[in-house]
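Coordinate analysis (summary)
Letter by letter, the chains look like this.
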Amino acid sequence: MANDPAYMSDDDDRPLAASPPNGKGANGTQSHVNGSSDLSEDDLPLSQSTHSKAVVPPRRNLKRKKPVYAESSSDDDTPLASSPLKQSTSAAVYMPGAADATTAPLNGSKVKSEDISDESSDSRTKKKPIKKKVKREDDSDNEPLLKKTASRKRKVKEESDVEMSDDMKPVSTKKTVPKKPKQETDADSKPKKGKTVKEEPASPTKGKGKKKQKDDEEDEDVYRWWDAGPDADGSVKWQTLEHNGVIFPPPYEPLPLHIKMKYDGKEVDLPPESEEVAGFYAALLETDHAQDTTFNKNFFSDWKKVLQRHPPRNGIKITSFERCDFRPMYEYFEAEKAKKKAMTSAEKKEAKKIKDEMEAKYTTCLLDGRKEKVGNFRVEPPGLFRGRGEHPKKGSLKLRVGPEDITLNIGKDAPTPIPNVPGKWKSIQHDNTVTWLATWTENINQNHKYVFLAAGSSLKGQSDMMKFEKARELKSHVDRIRQNYTADLKSKVMAERQRATAMYFIDRLALRAGNEKGEDEADTVGCCSLRCEHVTLESPNFIVFDFLGKDSIRYYNRVPVDAQVFKNIRIFKENKTDEDSLFDRVTTASMNKHLTQEMKGLTAKVFRTYNASFTFQRLLDESNLEGATLQEKLNAYNKANRLVAILCNHQRSIPKTHDQSMEKMRYKYRALKYDRMKLRHVLFGLDAKYKKQDKYKDDESDIDDEFIIEHEEQLKAKEIEKAEKKFAKDNEKLVEEGQKPHAESVLKERIRAVEDDFKKLEKERGKNVASLKKEKPADKIIENIDKLTEKIKAFKLQMVDRDEGKEVALGTSKINYLDPRITASWCKIHDVPIEKLFSKTLLTKFPWAMEVDTDWKF
């Protein structure tokens, strides 16, 4: 292979075999240094093409397609193929990169990557990163990140993602006018002093009755920290801090004496400690977890340790998992769930009231004398670790956390909180340079858990704003950084060439940096920890990525790359096995250290945030929404959001109820067309001339006789049920007033009237005639037909979008990667109520972003 001219053009193209910085040995093995990675707020990744949560093949004996390389007779370091890049024809979805589409010249003219590649060694050396502070230039122009996906003059027809998580559901369906901004929030503008004012909604809405009165009563003073600008000092975060600690879950309550698990058909008398752990598994008996071999193995192993300390009281020895029967416990838990569901509204409200009163003091703290909301103040109860994907520790026992496990952080003069369960805090500290209130270490992965302020708090808000401002700052440096790493793609030093190639992937494909994993952790990787088995070369210039990303979700992508990158990957894979690291001279720590030298505070995640927000801004600006309906505007927004989610590899599992939900939507869609058909028939009965108009021609071809019969039978059943409920409610009211209830004959008469109405509908089938209970003029019927037509059009868009977005998580990018000011400004420009796009949670999280002007750009 080494003598193949197609493999290596000349000796100058091969990097110097520098000593690896991370201790790589001659045998090809390596020992990565675990560096810090800016991945703490990263979201669930998305398979960019297969959209599958499938697991990649095992690490060993992985069969990879043998790469076929293009022949080259040139001795120069020229591209391997002269033909232009073509769209992939494979099943994988092509994921356009960022570098070639966003590179903007420093002098105003476009800089071609091939021009940079062919520069002399001296010229390349001069373009090394400048290690000095650079002033922000937020107004620099850049070219697009992704290729254009739609014509500027085309109205977007796809619909918004309507299958969001509860936190991402729209707040209101009422149209409101976004509030005019009071001031510019650009970081470059001169900030005003912070002040405390009454909280106002992001856009005005009309309150009704008690609801409005309740909202008024709950209005509290809000600290407008954004008027003073974010505290970027990075040291002292607060002067005084007082809170009530965390709330612990209640102690375990033993099951009734007659509820016992069985072993070999015999009831087992478990002490509370062992019974609690058995109950954790019993509650999951009918889930996929209980069918997982690893989950079962880990659970039984940990449970046996508990049983050794707390053995069954009737002397039964539990040694085999297969002989355990948790069914009696499962059935008891299901019965208790049913009882809770059967509670009346009053009982549920009373239970919630008691719970809220008990938790009230933990929900807020005093920060510098201001009341701020606390985020996750509840300590997670014990249970079985579920993990994500193929985590090796799933099923392991999560131990109960007590006060002795928790360190509190409070002000020096603040009183020490008293825990709500017996015990003393592990320690108390007074560190005003951190923002957490409490911390402990969980026993499964030894991860540190923290209690922070809520998303809408001043500290969290400042952190979010600085994160997005750091991404905006990258606009001023990104062209220089791209020129530098493009030049380093041909560096004579192997470490530099590998680092440049990794940066190319981080920038173009929005890959996470990644960390080295231990044997007891899930085998997930990022860019710096890719192994040779994860990357396959396909001639002339395609690279196939196939690995488990964060949270063990598969990342599969087939993309065209620059010729030099393709050649570099061939070099990096030479004389290595599938198990060896692709970038054996690069670690996450060394990568982030280099990025910091390129720009202060720059990390791999800043690149993801920049590329996501920049792309989102460009895609929104490209949409021509002149004369568009509200639904079309929402479609355009969500289409841009979806493209960014695909770029960032944000995926969710297809909801189990998706097919059922789509079937319901299709039925509703046809039901709407049925209603319009009946109105058309009524109109034809008034004047036959309407039959000749194209507007009212038959377009309900998907409504056949079978559907009409089924639909009318369902309508009939609903009307009868409605009559029965009204009859019962009327009688209850009469009894309360001391009057005699209606006789059954009254109900029968009402049901007979319903049946008569539907007999008329039955006679109208196939005759293009219809009648209304109450006659209406032709213009009123035409108006109703037009409204139904618009409703049908919008609903069809919703159906298409729900199906297209079934595997794309739009909420993740909204929360972590898309600057909320882009959305706020866009809503004001296009007169879209922001409640249609941001949930109440997001409006609370980003109050600082709601006041930007219409001319604000990322």
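Structure's up top.
Residues numbered from 1 in each chain as written. Predicted model: local features only at pLDDT ≥ 70, side-chain atom pairs only at ≥ 80, totals over all residues. Heavy atoms only, no water.

Here we come to the sheet that holds strand β13 (residues 438-441). Read across the open sheet, the 4 strands follow the order β12-β11-β13-β14; overall the sheet is mixed. Strands at the two margins of the open sheet, each flanked by one partner only, are β12 (427-429) and β14 (448-451). Sheet twist, expressed as the mean angle between neighbouring strand axes with direction ignored, is 20°. Of the pairings in the sheet, the one linking strand β11 (residues 407-409) to β13 comprises 2 bridges and is antiparallel in character. Looking across to β13, one finds that L408 is bridged to A438. (Pairing = 2+ DSSP bridges. Helix = DSSP H or I, 4+ residues; strand = E, 2+ residues; numbered from the N terminus. Axes fitted to C-alpha atoms, helices over the stretch in contact; angles between N-to-C directions.)

The next thing to look at is the pattern of salt bridges. In the structure shown here, the tally under the stated rule is 39 salt bridges. For K726, the salt bridge identified is with D730, shortest N-O distance 3.1 Å. One end of the pair, K726, and the other, D730, are both in helix α17 (residues 705-736), 4 residues apart, so they sit about a helical turn from each other. You can call D730 partly exposed: its relative accessible area is 22%. A single network of salt bridges, built from pairs that share partners, joins E469, R472, D819 and R821. (Salt bridge = Lys/Arg side-chain N within 4 Å of Asp/Glu carboxyl O. Buried < 20%, exposed > 50% of the residue type's maximum accessible area, 1.4 Å probe, protein only.)

With that out of the way, let us pick up the sheet that holds strand β16 (residues 542-548). Read from one edge of the open sheet, 3 strands run β15-β16-β17, paired in antiparallel fashion. Where the open sheet ends on each side, the last strands, each with one partner, are β15 (535-538) and β17 (554-560). Shown here is a sheet whose adjacent strand axes are inclined to one another by a mean of 15°, direction ignored. Relative to β17, β16 is paired through 7 bridges, and the arrangement is antiparallel. Paired with V544 across the strands is R558, a residue of β17. Those strands touched by helix α12 (residues 563-573) are β15 and β16, and its axis lies near 125° from that of β15. (Contact = heavy atoms within 4.5 Å.)

Attention now moves to the packing of helix α14 (residues 604-622) against helix α15 (residues 630-647). In contact at an axis separation of 9 Å, α14 and α15 are set at 150° when each is read in the N-to-C sense. Put simply, α14 runs roughly antiparallel to α15. Taken as a pair, α14 and α15 cross one another with a handedness that is right-handed. Counted together, N611, A612, T615, F616, L619 and L620 of α14 and A636, Y637, A640, N641, L643, V644 and L647 of α15 form the full contact between these two elements. Looking at side-chain class alone, the contact of α14 with α15 contains 10 nonpolar, 3 polar and no charged residues. (Parallel < 35°, antiparallel > 145°, perpendicular 65-115°, else oblique. Left-handed = near helix turned anticlockwise from the far one by under 90°. Nonpolar A, V, L, I, M, F, W, Y, C, P; charged D, E, K, R; others polar.)

Moving on, we get to the nonpolar core. Core analysis: the biggest nonpolar cluster contains 79 residues, and L474, F505, I543, F545, I569, F583 and F838 have the highest contact counts within it. Per element, the largest residue contribution to this core is 9 residues, and it comes from α14. In this structure, I259, F299, W303 and F326 belong to the second largest nonpolar core, which totals 29 residues. (Core = buried A, V, L, I, M, F, W, Y, C linked by side-chain atoms within 4.5 Å.)

Attention shifts here to a positive patch on the surface. A cluster of like positive charges, contributed by K759, K760, K763 and K767, occupies part of the molecular surface. The residue K767 is located in the loop between α18 (744-764) and α19 (778-804) in this model. (Patch = residues over 30% accessible without salt bridge, like charges linked within 9 Å, V, L, I, M, F, W, Y side chains within 5 Å. Areas by Shrake-Rupley, 256 points an atom, 1.4 Å probe, with all protein chains shown as cover. Lys, Arg positive; Asp, Glu negative; His and termini not counted. Charge placed at Lys NZ, Arg CZ, Asp CG, Glu CD.)

Further remarks concern helix α9 (residues 458-473). Relative to the 22 Å expected for 16 residues at 1.5 Å per residue, α9 spans 22 Å between its end C-alpha atoms, a close match to the ideal helical length. Most of α9 sits inside the fold, with 13 of its 16 residues counted as buried. (Expected span 1.5 Å × (residues − 1).)

A few words now on helix α21 (residues 820-829). Counting buried residues along α21, 9 of its 10 residues qualify, which places the element largely inside the surrounding structure. Among the residues trailing α21, D831 stands out with phi positive, at a value near 55°.

On to unusual backbone geometry. Phi is mostly negative for residues that are not glycine, and the peptide bonds are mostly trans. Going from S539 to P540, the amide bond is cis rather than trans, its omega being 5°. Here P540 shows up in the loop between β15 and β16. Notably, D264 is not glycine yet its phi reads approximately 55°, a positive angle. Counting through the fold element by element, D264 comes out in the loop between β4 (262-263) and β5 (266-267). For D264, a relative accessible area of 44% gives the class partly exposed. Positive phi values are uncommon outside glycine, yet D368 reaches one of about 55°. Mapping D368 onto the fold places it in the loop between β7 (364-367) and β8 (370-373).

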